[in-house]
Amino acid sequence: MIDLAALRKDPAIFRKAFADRGAAIDVDALLAQDAKVRELKTRAEGLKAELNAASKAIGAAAKQGGAAVEEAKAKARALGDQQKAADSEREALEKALAEQLLYVPNPCLPEVPAGTDAAGNVVVATWGDEPQFAFKPKAHWDIAPALGIMDFERGAKLAGSGFVTLRGAGARLQRALVTWFIDQHVANGYTEWAVPYLVSPQIMQGTGQLPKFADQLYRCKDDDLLLVPTAEVPVTNLHAGEILDGASLPLKYCSHTPCFRREAGAAGVGTRGMTRVHQFDKVEMVWFTTPERSRADLETMRGHAEALLKGLGLRHRVLQLCTGDTGFSSACTFDLEVWSPGTQGWLEVSSCSTFTDFQARRAGIRARGADGKPQLVHTLNGSGLALPRCLIAILETYQQADGSVVVPPVLRPYLGGMERISK
RNA sequence: GGAGAGAUGGCAGAGUGGUCGAAUGCGCCGGUUUCGAAAACCGGUGUGCCCGCAAGGGCACCGGGGGUUCGAAUCCCUCUCUCUCCGCCA
């Protein structure tokens, strides 16, 4: 959620930011409503103050008794009616304004390149040479089923298209990746969390998934719970409504969870194999930090994600997303894309963002600063990393002419020393 | 799932219709004292919002929501959560 006081103070900045994003936000309408709400509030509170004073007087008078008390009560009753009317008007308008505010995106940082869509994203770094093969490299959907480590048909049998199963060394490889990732994060000072995979609608609102992206979420109607689309949601909301100790910042958390996404409207686009599925595993990094250091922390966190790809020896690049491609809640995002030799394309395996105070304001996450006053924190998160596409890149990058796949050395200890996955 | 008990400030714990944003204790911060510290004593110590240049004034919050009343931490309804016991269960 944006800061209404900031909007009042400098609407021009917000107008430009929304335009850059391609978001049709009527700033003037928001400002007008805000002014009206505050006017009504002042009036209603004034009446309430009168009423409170009148009630107090009745209390004092009642002790002495007397006929004047009944008359005073009648007057107070009339005042109360007036106050209630004014307050209900204020309440309705304030609620409507708050509702609209939930659909207003986070302005991007000034440094974010302007652009309307993914074509405007800027490559800021590339690592690794393109792997060379003495044969035509295959795609993972050919490699993995042939090795018997991935089964798409059975996934579809269980839950429909977009669900896959991993078998034997495939399942174990994924588990090895998860464990190695988390071990790296813990070594970097992160605290690991295990969290619920179902959360309430209010929690989804805290991080910005609701109300705008309801159609992308799986919902358990009978219990009014939603399956998490990313660990960002439960982990960021761990501190919802809390006032943290400023000296404890930055807090660095990581968590491994499955992620559930309906992917409504994405059918047919890059969905073959395990590239885009309704359920996948991911290790997520989440930071709670201060406004002063959040931008620098984003670099650090992105470095942690990149280090994983380097450790695995996977060619990758880093994109800074342009204004038009930056997510609703984010102020600045870097995507990490890994190279897929089988499809000769790039696959997004991580998205590292700073949400500035946007999520903190929605979720009510503050920290007590040096001056003793609570202040909204900045939240960051980044994948570290998404599992399916890492599996894809490993299988395709390390495939051999005989169909086997060499295991990256860093993972071997997690696979009982296995050096190669063969049939 | 059934039965019962409970939810008050950082913590503990009073308060059952009026001057209660809330006693008291602990904790924390500042001061006095001390060579220094402890102890003791004195003072302070929640959050959000509105009006205001400011000084200052006002409103709201005692788990959430709703109701009764001139007035609710206190009465009523409802939801959530916690604890105890029973059942079921990985």
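Just so it is clear, the model here is predicted, and its values are computed rather than measured.

Considerations on the overall build of chain A
Per the secondary structure count, chain A includes 12 helices and 18 strands. Here chain A holds 423 residues, and 47% of them are scored as buried. Distance between charge centres in chain A, computed from 49 positive and 49 negative side chains, equals 2 Å.

A closer look at the sheet that holds strand 8 (residues 243–245)
Read across the open sheet, the three strands follow the order 8-14-15; overall the sheet is mixed. Of all the strands in the sheet, just strand 8 and strand 15 (374–376) have a single pairing partner and so form its edges. Between one strand axis and the next, the sheet turns through 40° on average, direction left out of account. One ladder, built from three bridges, connects strand 8 with strand 14 (residues 366–368); its direction is parallel. By the bridge assignment, Leu-244 is partnered in strand 14 with Ala-367.

Focus on the domain arrangement of chain A
For chain A, the domain assignment lists domain 1 (4–101) and domain 2 (118–421). Placing a centre on the C-alpha atoms of domain 1 and another on those of domain 2 gives a separation of 44 Å.

Some points on the side chain of Lys-282
Mapped onto the elements, Lys-282 comes out in strand 10 (residues 279–289). Lys-282 gets classed as buried once you look at its relative accessible area, which sits at 4%. One polar contact links Lys-282 to Glu-284, side chain to side chain, over a distance of 2.6 Å. Other than its neighbours up to four places away in sequence, Lys-282 contacts Thr-230, Ala-231, Ser-255, His-256, Thr-257, Cys-259, Arg-261, Ser-383, Leu-385, Ala-386 and Leu-387.

Topic: the pattern of salt bridges
Enumeration over the complete set of coordinates arrives at 21 salt bridges. A salt bridge links Arg-295 to Glu-111, with the shortest nitrogen-to-oxygen separation between them at 2.7 Å. Of this pair, Arg-295 sits in helix 10 (residues 294–312) while Glu-111 sits in the loop between helix 4 (68–101) and strand 1 (122–127), and the two are 184 residues apart along the sequence. A relative accessible area of 39% means that Glu-111 is categorised as partly exposed. Of the charged contacts in the structure, one is a salt bridge between Asp-357 and Arg-361, with a shortest N-O distance of 2.9 Å. Taken together, the shared-partner salt bridges in this structure form one network comprising Glu-111, Arg-295, Glu-299, Arg-302 and Glu-306.

So, the sheet that holds strand 5 (residues 198–199)
Backbone-to-backbone hydrogen bonds pair the strands of a sheet. The strands run either parallel or antiparallel. Strand order in the open sheet formed by three strands is 5-7-6, and the pairing between neighbours is antiparallel. One side of each edge strand has no neighbouring strand; the edge strands of this open sheet are strand 5 and strand 6 (219–220). As paired strands, strand 6 and strand 7 (residues 225–227) are joined by two bridges and run antiparallel to one another. Bridging across to strand 7, Cys-220 finds its partner in Leu-225.

As for the packing of aromatic side chains
For the structure on display, the rule yields nine aromatic pairs. Aromatic pair Phe-328 and Phe-358: ring centres 5.6 Å apart, planes at 85°, arrangement edge-to-face. Residue Phe-328 is found in the loop between strand 11 (316–320) and strand 12 (332–340), and its partner Phe-358 is found in helix 11 (residues 358–363); the two are separated by 30 residues along the sequence. With a relative accessible area of 9%, Phe-328 lands in the buried category. Classification of Phe-358 as buried rests on a relative accessible area of 0%. Every member of this aromatic cluster is reached through a ring pair, and the members are Trp-193, Tyr-253 and Phe-288. The residue whose ring lies beneath Arg-302 is Phe-334, and the NZ or CZ to ring-centre distance is 4.9 Å.

Some words on the packing of helix 5 (residues 140–147) against helix 12 (residues 387–397)
Packing of helix 5 against helix 12 leaves a shortest axis separation of 9 Å and a crossing angle of 85°. It follows that helix 5 is roughly perpendicular to helix 12 by the angle criterion. The residues of helix 12 that touch helix 5, namely those facing His-140, Ile-143 and Ala-144, are Ile-392, Leu-395 and Glu-396.

Here's the deal with the pairing of strand 13 (residues 345–354)
Here strand 13 lies mainly inside the structure; seven of its 10 residues are buried. In this structure, strand 12 lies alongside strand 13, joined through nine bridges in antiparallel fashion. Considered in strand 13, the bridge of Val-338 is made with Leu-347. Taken together, strand 12 and the strand that follows it, strand 13, pair antiparallel across an intervening segment of four residues, in which Gln-344 is found at a positive phi of about 55°.

Description of unusual backbone geometry
Each neighbour pair has its own omega, and for Leu-210 with Pro-211 the value is 5°, a cis peptide bond. The omega angle of the peptide bond from Gly-384 to Leu-385 is 0°, so this bond is cis rather than trans. Unusually for a residue other than glycine, Asp-224 sits at a positive phi of about 55°. Tracing the backbone through its elements, the reader meets Asp-224 in the loop between strand 6 and strand 7. The class of Asp-224 is partly exposed, set by a relative accessible area of 40%. The phi dihedral of Gln-344 is positive, around 55°, even though this residue is not glycine. Summarising the element assignment, Gln-344 is placed in the loop between strand 12 and strand 13.

A closer look at the nonpolar core
Core analysis: the biggest nonpolar cluster contains 55 residues, and Leu-177, Phe-181 and Leu-411 have the highest contact counts within it. With eight residues, the top contributor of residues to this core is helix 7 (residues 169–187). Leaving out residues up to four positions away in the same chain, Leu-177 has contacts with Leu-312, Leu-387, Cys-390, Leu-391, Ile-394 and Leu-411. Counting 16 residues, the second largest nonpolar core, distinct from the first, contains Met-1, Leu-7, Leu-30 and Phe-358.

What counts and how
Residues numbered from 1 in each chain as written. Chains lettered and ligands numbered in written order. Predicted model: local features only at pLDDT ≥ 70, side-chain atom pairs only at ≥ 80, totals over all residues. Heavy atoms only, no water. Helix = DSSP H or I, 4+ residues; strand = E, 2+ residues; numbered from the N terminus. Buried < 20%, exposed > 50% of the residue type's maximum accessible area, 1.4 Å probe, protein only. Lys, Arg positive; Asp, Glu negative; His and termini not counted. Charge placed at Lys NZ, Arg CZ, Asp CG, Glu CD. Pairing = 2+ DSSP bridges. Axes fitted to C-alpha atoms, helices over the stretch in contact; angles between N-to-C directions. Domains from an automatic or database assignment. Polar contact = N/O pair within 3.5 Å; in protein donor to acceptor, adjacent residues only side chain to side chain. Contact = heavy atoms within 4.5 Å. Salt bridge = Lys/Arg side-chain N within 4 Å of Asp/Glu carboxyl O. Phe/Tyr/Trp six-rings, centres within 6.5 Å; stacked < 30°, edge-to-face > 60°. Lys NZ or Arg CZ within 6 Å of the ring centre and 35° of its normal. Parallel < 35°, antiparallel > 145°, perpendicular 65-115°, else oblique. Core = buried A, V, L, I, M, F, W, Y, C linked by side-chain atoms within 4.5 Å.

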